[in-house]
Amino acid sequence: MTDGPLKAELLAVALEAAERAGELLRDGRPADLGVAATKTSSIDVVTEMDIAAEKLITAFLAERRPEDGLLGEEGASSAGTSGVRWVIDPIDGTVNYLYGQPSWAVSIAAELDGEALVGVVAAPVRGETYRAVRGEGAFAGDRRLRVRPAPSLDHALIGTGFGYRAERRAAQAEVLRSLLPEVRDIRRGGSAAIDLCDVACGRLDGYYERGLNPWDFAAGALIAREAGALTGGRPGEAASTELTVAAPPGLFERLQGRLEELGAWRD
Ligand code: IPD
């Protein structure tokens, strides 16, 4: 299969999987939803709905694309034989979902030979689904997404997020203490995937976070790039768990440079 039909097929599959999982999560959220398990700390939570949504997505992918690999936040992991790997966060923004806040998303990326080819972030309570195909732009419905023109750092609205371990948070608070007086303001939305899509839509000027996992940023970072953002980690490096930064050219270099000075990549 050449790239074009493959991209179209992967996009269709990702959109359908995200839509089905989004409906399950929006319509099936129990009123008394509780915590099913914890991960890196007692406040890093998993709900029964994270598990149910990941099962729905992986069963759908196994039926439609049985030869592909998988990496899911709730444990799905298989190598596959096709060169395509799906990177899945069934609920990005689980704490928002647990509390009934609207900012959570289903995030699904398809990578080909390790590079994101397709990304879908469905935010059902916002009523928006963001999508991108590498080299073909980013969209929400019919609307083509474009980043805002880069402002100076002191006029930039910057999104960020925090890890779940106290030591990491203490280091993140130190970075924020220095950065906050140097920017327009800071937002902490609670879903990295939505933050990256907000950069793509021009609802944020830039975003950074230390400690993301691939399922948090794989789809959103592609969407941000296809909307005109640069993404990366420390200077010269790709976005990673160490550090993820996204912003339009002009702001990106300034933000990334300042984060480097502040040591935002370390605890
Ligand atoms: C979390 C969200 C949050 C970010 C955390 C992530 P999860 O993902 O993206 O915004 O600050 O670092 O772990 O746990 O809700 O899938």
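Residues numbered from 1 in each chain as written. Predicted model: local features only at pLDDT ≥ 70, side-chain atom pairs only at ≥ 80, totals over all residues. Heavy atoms only, no water.

Chemist: Give me the lowdown on the state of the cysteines, citing residues and values where you can.
Modeler: Scanning the entire structure with this criterion turns up zero disulfides. Not engaged in a disulfide, the cysteine Cys-201 finds its nearest cysteine sulfur in Cys-197; these two sulfurs lie 6.6 Å apart. (Disulfide = S-S within 2.5 Å.)

Chemist: Help me get a handle on the nonpolar core, residues and values and all.
Modeler: Among the nonpolar cores identified, the biggest contains 37 residues, and Val-121, Tyr-130, Leu-145 and Ile-223 are the most heavily contacted of them. Listed by contribution, the elements that provide at least two residues to this core are β6 (105-112), β7 (115-123), β8 (128-133), β9 (138-140), α5 (192-201) and α6 (214-226). Counting contributing residues per domain, this core is built from domain 1 (3-144) and domain 2 (153-262), each supplying no fewer than three. Not counting residues up to four positions away in its chain, the partners in contact with Leu-145 are Tyr-130, Ala-138, Phe-139, Ala-140, Ala-200, Cys-201, Ile-223 and Ala-227. Core analysis: the second largest hydrophobic core is formed by 34 residues, Leu-33, Phe-60, Trp-86 and Ile-108 among them. (Core = buried A, V, L, I, M, F, W, Y, C linked by side-chain atoms within 4.5 Å. Buried < 20%, exposed > 50% of the residue type's maximum accessible area, 1.4 Å probe, protein only. Helix = DSSP H or I, 4+ residues; strand = E, 2+ residues; numbered from the N terminus. Domains from an automatic or database assignment. Contact = heavy atoms within 4.5 Å.)

Chemist: I'd like a rundown of the sheet that holds strand β14 (residues 230-232), residues and numbers included.
Modeler: Strand order across the open sheet formed by five strands is β12-β11-β13-β15-β14, with mixed pairing between neighbours. At either margin of the open sheet sits one strand with a lone partner, and together these are β12 (185-187) and β14. Ignoring strand direction, the axes of neighbouring strands in this sheet form an average angle of 20 degrees. The sheet contact formed by strand β11 (residues 157-160) and β12 spans three bridges and is parallel. Residue pairing across strands places Ile-158 opposite Ile-186, the latter belonging to β12. Together, β11, β13 (206-209) and β15 (244-247) form the strand contacts of α5, whose direction differs from that of β13 by roughly 155 degrees. Packing against the sheet, helix α7 (residues 252-262) makes contact with β11, β13, β14 and β15, and its axis sits at approximately 155 degrees to β15. (Pairing = 2+ DSSP bridges. Axes fitted to C-alpha atoms, helices over the stretch in contact; angles between N-to-C directions.)

Chemist: A description of helix α1 (residues 3-27) should follow, citing residues and the corresponding values.
Modeler: Its 25 residues place the ends of α1 36 Å apart at the C-alpha level, agreeing with the 36 Å of an ideal helix rising 1.5 Å per residue. Leu-6, Lys-7, Leu-10, Leu-11, Val-13, Ala-14, Ala-17, Ala-18, Ala-21, Gly-22 and Leu-25 are the residues of α1 that are buried. On the buried face of α1, the contacting elements are α2 (48-64), β5 (84-92), α3 (94-98), β6, β7 and β8. (Expected span 1.5 Å × (residues − 1).)

Chemist: Account for the site of the ligand, with residues named and values stated.
Modeler: Every one of the 16 residues lining the ligand counts as a neighbour, but Asp-92, Gly-93, Thr-94, Ala-192 and Glu-209 are closest to it. In the environment of the ligand, an oxygen atom lies 3.1 Å from a nitrogen or oxygen atom belonging to the backbone of Ser-191. At 3.3 Å, a side-chain N or O of Asp-216 approaches an oxygen atom of the ligand. Contact with the protein chains removes 95% of the 380 Å² of surface that the ligand exposes when unbound. Cavity membership is defined here by more than half of the atoms lying within 2 Å of grid points; on that basis the ligand lies in the largest pocket. The class makeup of the residues in the shell around the ligand is five nonpolar, five polar and six charged. When residues of the shell around the ligand are assigned to domains, at least three map to each of domain 1 (3-144) and domain 2 (153-262). (Near = heavy atom within 4 Å. Polar contact = N/O pair within 3.5 Å; in protein donor to acceptor, adjacent residues only side chain to side chain. Areas by Shrake-Rupley, 256 points an atom, 1.4 Å probe, with all protein chains shown as cover. 1 Å grid on protein atoms, 1.4 Å probe; cavity = no way out; pocket = protein on both sides within 12 Å on 5 of 7 lines; lining within 4 Å. Sits in = over half its atoms within 2 Å of the grid points. Nonpolar A, V, L, I, M, F, W, Y, C, P; charged D, E, K, R; others polar.)

Chemist: Talk me through the sheet that holds β8; I want residue IDs and the actual numbers.
Modeler: Here we have eight strands laid out as an open sheet, ordered β4-β3-β5-β6-β7-β8-β9-β10, and mixed in their pairing. Of all the strands in the sheet, the pair left with one neighbour each is β4 (77-78) and β10 (143-144). In the packing of α6 onto the sheet, the strands contacted are β3 (69-72), β5, β6, β7, β8, β9 and β10, and the crossing angle to β7 comes to about 100 degrees.

Chemist: Give a detailed account of the environment of Cys-201, specifying residues and quantitative values.
Modeler: Structurally, the position occupied by Cys-201 is in helix α5. Remark: the alpha-carbon pair of Cys-201 and Tyr-130, spanning 71 residues in sequence, is separated by 9.3 Å. Setting aside residues up to four positions removed in sequence, Cys-201 forms contacts with Tyr-130, Leu-145 and Arg-146.

Chemist: How would you summarise the domain arrangement of the chain if you had to cite specific residues and measurements?
Modeler: Assigned domains of the chain: these are domain 1 (3-144) and domain 2 (153-262). The straight-line distance from the C-alpha centre of domain 1 to that of domain 2 is 21 Å. Of the roughly 2,300 Å² buried between domain 1 and domain 2 on both sides combined, carbon and sulfur atoms contribute 63%. When the area that domain 1 buries against domain 2 is broken down by residue, the three leading residues are Asp-92, Arg-126 and Tyr-130, summing to 19%. Across the contact surface, domain 1 and domain 2 share two salt bridges. (Buried area = accessible area lost by both parts, 1.4 Å probe. Salt bridge = Lys/Arg side-chain N within 4 Å of Asp/Glu carboxyl O.)

Chemist: Outline helix α4 (residues 166-179), listing residues and values.
Modeler: For α4, built from 14 residues, the straight-helix expectation of 20 Å at 1.5 Å per residue is met to within 8% by its first-to-last C-alpha distance of 20 Å. On the buried face of α4, the contacting elements are β11, β12, β13 and α7.

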